[in-house]
Amino acid sequence: MGNTVAREDFEWVYTDQPHADRRKEILAKHPEIKALMKPDYNLIWVVVLMVLAQLTAFYLVKDLDWKWVVFWAYVFGSCISHSMTLAIHEISHNSAFGNSKAMWNRWFGIFANLPLGLPYSISFKRYHMDHHRYLGGDGIDVDIPTNFEGWFFCTRFRKFIWIVLQPFFYAIRPLCINPKPITRLEIINLLAQLAFDVVIYYLWGVKSIFYMLAGSVLGLGLHPISGHFIAEHYMFLKGHETYSYYGPLNLLTFNVGYHNEHHDFPNIPGKSLPLVKKIAAEYYDNLPQYNSWVKVLYDFVMDDTISPYSRMKRHLKGEVKQD
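Remember, predicted model here, so these are calculated numbers, not experimental data.

Draft legend 1. Focus on the overall build of the protein. For the protein, the count of helices and strands is 15 helices and four strands. Taken over the C-alpha atoms alone, the protein extends approximately 55 × 50 × 40 Å along its principal axes. By residue count, 53% of the 323 residues in the protein fall in the buried class. Sequence-distant contacts, at least 24 apart, represent 80% of the contacts inside the protein between residues at least 6 apart. Summing over all exposed atoms, the protein offers an accessible surface of approximately 15300 Å²; the carbon and sulfur share of this is 66%. Computed over 31 positive and 29 negative side-chain charges, the separation of the two mean positions in the protein equals 4 Å.

Here it is, written out as structure tokens:
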């Protein structure tokens, strides 16, 4: 339990991220992939159904004993909430309405955000675009843990606590690494969320509010789906910075597990990423991959050579353009 991991700093690299070059190669060899670069209109109806499902759950839990509110918040609410954050991820890439209707996607993201209880969608989009453009960029990519996280969460027990507290670190980290001025859309996102929360409390009371917020926190913390946070970019194998997962939880997460494919083609909706892998199999089949996010979480905690420091970082060159 008290073993300290060996790594004491990030893995600094001085090469560009691999995804842009691989995208050019693949498109030159498989130009038919360009046909997949179009909106996924089914995403709209899936998100609407998910919001309705959570509204129904808010109503159903309002008179339950507290133990059952907690039970359903973890068993059902957490899955829907985490899945909705990944729907918002899709929407941030304009997958719902397409690039020509960017603002439609922003408004729809605010709508999808409502059953999470906390404003998230607009800020996520701003920082997530930086993650794609400047993967591992020092002071820019807020998906990279802080030095404090790497230094402090250095034992098996502390790494376990770090996983439990993931939603708090993802919320606080941007303020520490790359704070940005608040935009009008972020204020709208906040006000819409507060109004929604007040209405839910007025209609159905504190248990519905607790179910909503607890589901979001639990779903993004110690939860099987949360394995994707670590599986995507933590360096279990030296020299490999992005990893794909091809297990069944992709069905709940809009194929976010197809992460090499996603970074290679961020303008292709998650629904079509398995087709990318199939068409360009020679590029993906031999890359390191996972089939279990639960095992990723277990290995992260138990492997004394892995910690929040197990990420590639880059000193950025040239002009940096942020959202």
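Having put the structure on the table, let's press on.
Draft legend 2. Inspection of helix α2 (residues 42-61) at higher detail. With 20 residues, α2 should reach 28 Å at 1.5 Å per residue; the first-to-last C-alpha distance of 29 Å fits that figure. Listing the buried residues of α2 in full gives L43, I44, V47, M50, V51, Q54, A57, F58 and V61. Within α2, the buried residues cover an arc of 150° as seen down the axis, which keeps them to one side. Exposed and facing more than 90 degrees away from the buried side of α2 are W45, L49 and L60.

Draft legend 3. Quick look at the UniProt feature "transmembrane region" (unreviewed entry) in the protein. The UniProt record marks residues 43-61, 68-87, 107-124, 187-204 and 210-231 with the feature "transmembrane region" (unreviewed entry), using the residue numbering of this structure. In this annotation, residues 210-231 is assigned 68% helix and 0% strand; the end-to-end C-alpha distance for the span is 29 Å.

Draft legend 4. Geometry of the packing of α2 against helix α4 (residues 102-113). Interhelical geometry of α2 versus α4 gives an angle of 25° and a closest axis separation of 9 Å. As the angle between them shows, α2 and α4 are arranged roughly parallel. Here α2 runs over α4; the crossing is left-handed. Of α4, the residues touching α2 (which contributes L43, I44, V47, V48 and V51) are F108, F111 and A112. When grouped by side-chain class, the residues that make up the contact of α2 with α4 number eight nonpolar, no polar and no charged.

Draft legend 5. Expanded view of the nonpolar core. Ranked by internal contacts, the top residues of the largest apolar core, which has 38 residues, are V47, M84, W162, I230 and F300. When contributions to this core are tallied by element, the ones reaching two or more residues are α2, α3 (66-92), α4, α7 (156-164), α11 (227-231) and α15 (293-302). By size, the runner-up hydrophobic cluster in this structure holds 13 residues, among which are Y258, F265, I268 and A280.

Draft legend 6. Examining unusual backbone geometry more closely. One non-glycine residue with positive phi stands out, namely N94, at about 65°. Tracing the chain through its elements places N94 in the loop between α3 and α4. Of note in the backbone geometry, F254 takes a positive phi value of approximately 55° without being a glycine.

Draft legend 7. Region of interest: the environment of N260. Relative to the elements of secondary structure, N260 occurs in helix α12 (residues 259-264). In the structure, N260 is positioned 185 residues away from V75 in sequence and 29 Å away in space, judged by C-alpha atoms. Not counting residues within four places of it along the chain, the set of residues in contact with N260 comprises H19, R22, T242, Y243, S244, Y284 and L287.

Draft legend 8. Summary view of α3. Along α3, the sharpest change in direction is near 45° and occurs at G77. In the stretch just after α3, N94 is the one whose phi turns positive, near 65°.

Draft legend 9. The arrangement of the side chain of H131 in detail. Within the fold, H131 resides in helix α5 (residues 121-133). Residue H131 is classed as buried on the basis of its relative accessible area of 4%. In terms of polar contacts, H131 uses its side chain to reach the side chain of H263, at 3.3 Å. Excluding residues within four positions of it along the chain, H131 makes contact with D141, D143, H233, H263 and R311.

Draft legend 10. Spotlight on the packing of helix α9 (residues 184-204) against helix α10 (residues 206-219). For the pair α9 and α10, the least separation of the axes is 7 Å and the interaxial angle reads 135°. By the angle between their directions, the pair α9 and α10 is classed as oblique. Residues F196, D197, I200, Y201 and W204 of α9 pack against V206, S208, I209 and M212 of α10. The residue makeup of the contact of α9 with α10, split by class, is seven nonpolar, one polar and one charged.

Draft legend 11. Geometry of the environment of D264. Looking at where D264 falls in the secondary structure, it is placed in helix α12. A relative accessible area of 0% means that D264 is categorised as buried. In the structure, D264 is positioned twelve residues away from V276 in sequence and 9.7 Å away in space, judged by C-alpha atoms. In this structure D264 touches H19, R22, R23, I26 and Y284, once residues within four positions along its chain are discounted.

How each quantity is defined
Residues numbered from 1 in each chain as written. Predicted model: local features only at pLDDT ≥ 70, side-chain atom pairs only at ≥ 80, totals over all residues. Heavy atoms only, no water. Helix = DSSP H or I, 4+ residues; strand = E, 2+ residues; numbered from the N terminus. Buried < 20%, exposed > 50% of the residue type's maximum accessible area, 1.4 Å probe, protein only. Contact = heavy atoms within 4.5 Å. Areas by Shrake-Rupley, 256 points an atom, 1.4 Å probe, with all protein chains shown as cover. Lys, Arg positive; Asp, Glu negative; His and termini not counted. Charge placed at Lys NZ, Arg CZ, Asp CG, Glu CD. Expected span 1.5 Å × (residues − 1). Arc of directions from axis to C-beta. UniProt positions renumbered as here; feature names shortened; annotations may be inferred. Axes fitted to C-alpha atoms, helices over the stretch in contact; angles between N-to-C directions. Parallel < 35°, antiparallel > 145°, perpendicular 65-115°, else oblique. Left-handed = near helix turned anticlockwise from the far one by under 90°. Nonpolar A, V, L, I, M, F, W, Y, C, P; charged D, E, K, R; others polar. Core = buried A, V, L, I, M, F, W, Y, C linked by side-chain atoms within 4.5 Å. Bend = angle between axes of the 7 residues up to and from the residue. Polar contact = N/O pair within 3.5 Å; in protein donor to acceptor, adjacent residues only side chain to side chain.

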